[in-house]
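# Working through the structure, step by step
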Amino acid sequence: MRRSVRTRVHVFGPNGCIRTKTDKVAGEEPLEIRLGDQEFTVMMRTPGMDTELVLGLLLGEGIIRTASDVVEIDFSTGLDPDGTRNYNVARVRLSPEVSAALAQNGGLPAGQERNIYTSSACGVCGTAALEAVTKVSSYPLPPPEPFFDPAVICELPNIMRDQQPLFATTGGIHAAGLFEFGAGAGTTWGTSSSARAGTGAGSGSPATSPSLLTVAEDVGRHNAVDKVLGWAMREDLLPLCSCVLQVSSRASFELVQKAAMAGVPVLSAVSAPSSAAVELGNSLGVTVIGFNRKGTFNVYSAPERLFGN
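Let me begin by describing the structure that accompanies this report. (Residues numbered from 1 in each chain as written. Predicted model: local features only at pLDDT ≥ 70, side-chain atom pairs only at ≥ 80, totals over all residues. Heavy atoms only, no water.)

## A closer look at the overall build of the chain
Applied cut-off: Each helix is a run of DSSP H or I of at least 4 residues and each strand a run of E of at least 2, with the numbering of both proceeding from the N terminus. We call a residue buried when its accessible area falls under 20% of the maximum for its residue type, exposed when it is over 50%, and partly exposed in between, using a 1.4 Å probe and counting protein chains only.
Each helix and strand counted, the chain has 8 helices and 13 strands in total. Here the chain holds 309 residues, and 51% of them are scored as buried.

## A look at the packing of helix α6 (residues 221–234) against helix α7 (residues 253–261)
We apply this condition: With axes taken as lines fitted to C-alpha atoms, and helix axes fitted only over the stretch in contact, angles between N-to-C directions fall between 0 and 180 degrees. By definition in this entry, angles of less than 35 degrees are roughly parallel, angles greater than 145 are roughly antiparallel, angles of 65 to 115 are roughly perpendicular, and the rest are oblique. Here, two residues are considered to be in contact whenever any of their heavy atoms come within 4.5 Å of each other. The residue classification treats Ala, Val, Leu, Ile, Met, Phe, Trp, Tyr, Cys and Pro as nonpolar and Asp, Glu, Lys and Arg as charged. All others, Gly included, are polar.
Direction vectors running N to C along α6 and α7 enclose 5 degrees, while the axes themselves pass 10 Å from each other. In this view, α6 runs roughly parallel relative to α7, as classed from their interaxial angle. Facing α6, whose interface residues are Arg221, His222, Val225, Asp226 and Leu229, α7 presents Glu254, Leu255 and Lys258. Here the residues of the contact of α6 with α7 sort into 3 nonpolar, 1 polar and 4 charged.

## Regarding the pattern of salt bridges
Put simply, the test is: Whenever Lys or Arg places a side-chain nitrogen within 4 Å of a carboxyl oxygen from Asp or Glu, that contact is recorded as a salt bridge.
What the rule picks out here adds up to 10 salt bridges. Arg34 serves as the salt-bridge partner of Glu32, at 2.8 Å between the closest nitrogen and oxygen. As far as burial versus exposure is concerned, Glu32 and Arg34 are alike and both buried. A salt bridge links Asp37 to Arg91; its shortest N-O distance comes to 3.0 Å. Of this pair, Asp37 sits in the loop between β3 (29–35) and β4 (38–45) while Arg91 is found in strand β6 (residues 89–94), placing the two residues 54 residues apart along the sequence.

## Comments concerning the nonpolar core
This is how the line gets drawn: In this text, buried Ala, Val, Leu, Ile, Met, Phe, Trp, Tyr and Cys residues form a nonpolar core when linked through side-chain atoms within 4.5 Å.
The biggest cluster of nonpolar side chains holds 54 residues, and the ones touching the most others in it are Val92, Leu178, Leu229, Leu240 and Leu245. Sort the elements by how many residues they give to this core and α6 lands first, with 7 residues. Apart from residues no more than four positions distant in its own chain, Leu229 is found in contact with Leu59, Leu178, Leu240, Lys258, Ala262 and Val264. Residues Val152, Ile159, Ala175 and Leu212 belong to the second largest nonpolar core, which totals 18 residues.

## Comments concerning the environment of Gln164
Structurally, the position occupied by Gln164 is in the loop between α4 (156–161) and α5 (165–170). The exposure class of Gln164 is buried, given its relative accessible area of 4%. Note: C-alpha distance between Gln164 and Ala175 (11 residues apart in sequence) is 7.2 Å. The residues contacting Gln164, other than those within four sequence positions of it, are Ala175 and Glu217.

## Let's talk about the packing of helix α1 (residues 50–60) against α6
It is the contact of α1 with α6, at a shortest axis distance of 6 Å, that shows an interaxial angle of 95 degrees. Between α1 and α6, the angle is such that the two are roughly perpendicular. The residues of α6 that touch α1, namely those facing Thr51, Glu52, Leu53, Leu55, Gly56, Leu57 and Leu59, are Asn223, Asp226, Lys227, Leu229, Gly230, Trp231, Met233 and Arg234.

## Section: the sheet that holds strand β13 (residues 296–299)
Which entries qualify depends on this criterion: The pairing criterion for strands is at least two bridges between them, as found by DSSP.
Here we have 6 strands laid out as an open sheet, ordered β9-β8-β10-β11-β12-β13, and mixed in their pairing. The open sheet is flanked by β9 (211–218) and β13, the only strands paired with a single partner. Along the sheet, successive strands turn relative to each other by an average axial angle of 20 degrees, direction set aside. Taken together, the 3 bridges between strand β12 (residues 287–293) and β13 define a ladder with antiparallel strand orientation. Paired with Ile289 across the bridge in β13 is Val299. Of the strands in this sheet, β8 (174–180), β9 and β10 (243–247) touch α6, which is tilted by about 140 degrees from β9.

## Some remarks on the state of the cysteines
The condition is simple: The term disulfide is used for any two cysteine sulfur atoms that are within 2.5 Å.
Tallied over the entire structure, the rule returns 0 disulfides. Unpaired in this structure, Cys241 has its nearest cysteine sulfur neighbour in Cys243, at a distance of 7.5 Å.

Structure (structure tokens):
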């Protein structure tokens, strides 16, 4: 399991090959997720925060809502052909209550069966039934009332960039970061050390200075989001009603939905949103921000959460 891999490259210019050198590329390996003895999906991901990745994925799929819904995640059964453990198989043992609920639907929620392979470029495309794409969140979003300053939102990508060591060394990996606004926010620029477990992240009270709770990197943008949301679940911070989810990618339908499934009211992306992302944001009341870079951004839905709107 390697988060980055050294490789030999040939550097070319307009006049031909200039030199050869050693470069680093982002690690990408398969992860098979099994619910008990049942195959759920095989996904491509960058190794690291795999437990959080599994928790976040199952949250986004509507299979679990709290960390207590999972009894165990066992990575010991993944083996290479030579018998060496590779930790690329996650066997999830769900709580009796969740397992019983799934059993009533033949093992998975109706329409939730997944095709066995999901690439790192896609999250919902592995879902077998179209009607299963849209999920219902266990965590209602807070009312669209002002709780963050536009000037602070502009700084989130730069703050997150400082916590992206894999991007700094490979230049080819996505990131997602959770920023908390509200009571207690602004005390620490850091990672999980600023988290406070208990009854959800923050109180939702207005604040202009956020705390960076955690950052995750992955070759898949949806994987990075699953990792930070799974981390928040492990820390007992759901719902994330006073948080902004910042991503280094575009804002897609699946990312808006994942935010809503964790109770995150704001998704900020450095690139463009899709039409489906904007429609879902308007439907669910998620504030969708796009093109958050170079000191400006666009708001495509629920702009009422910005001060001065």
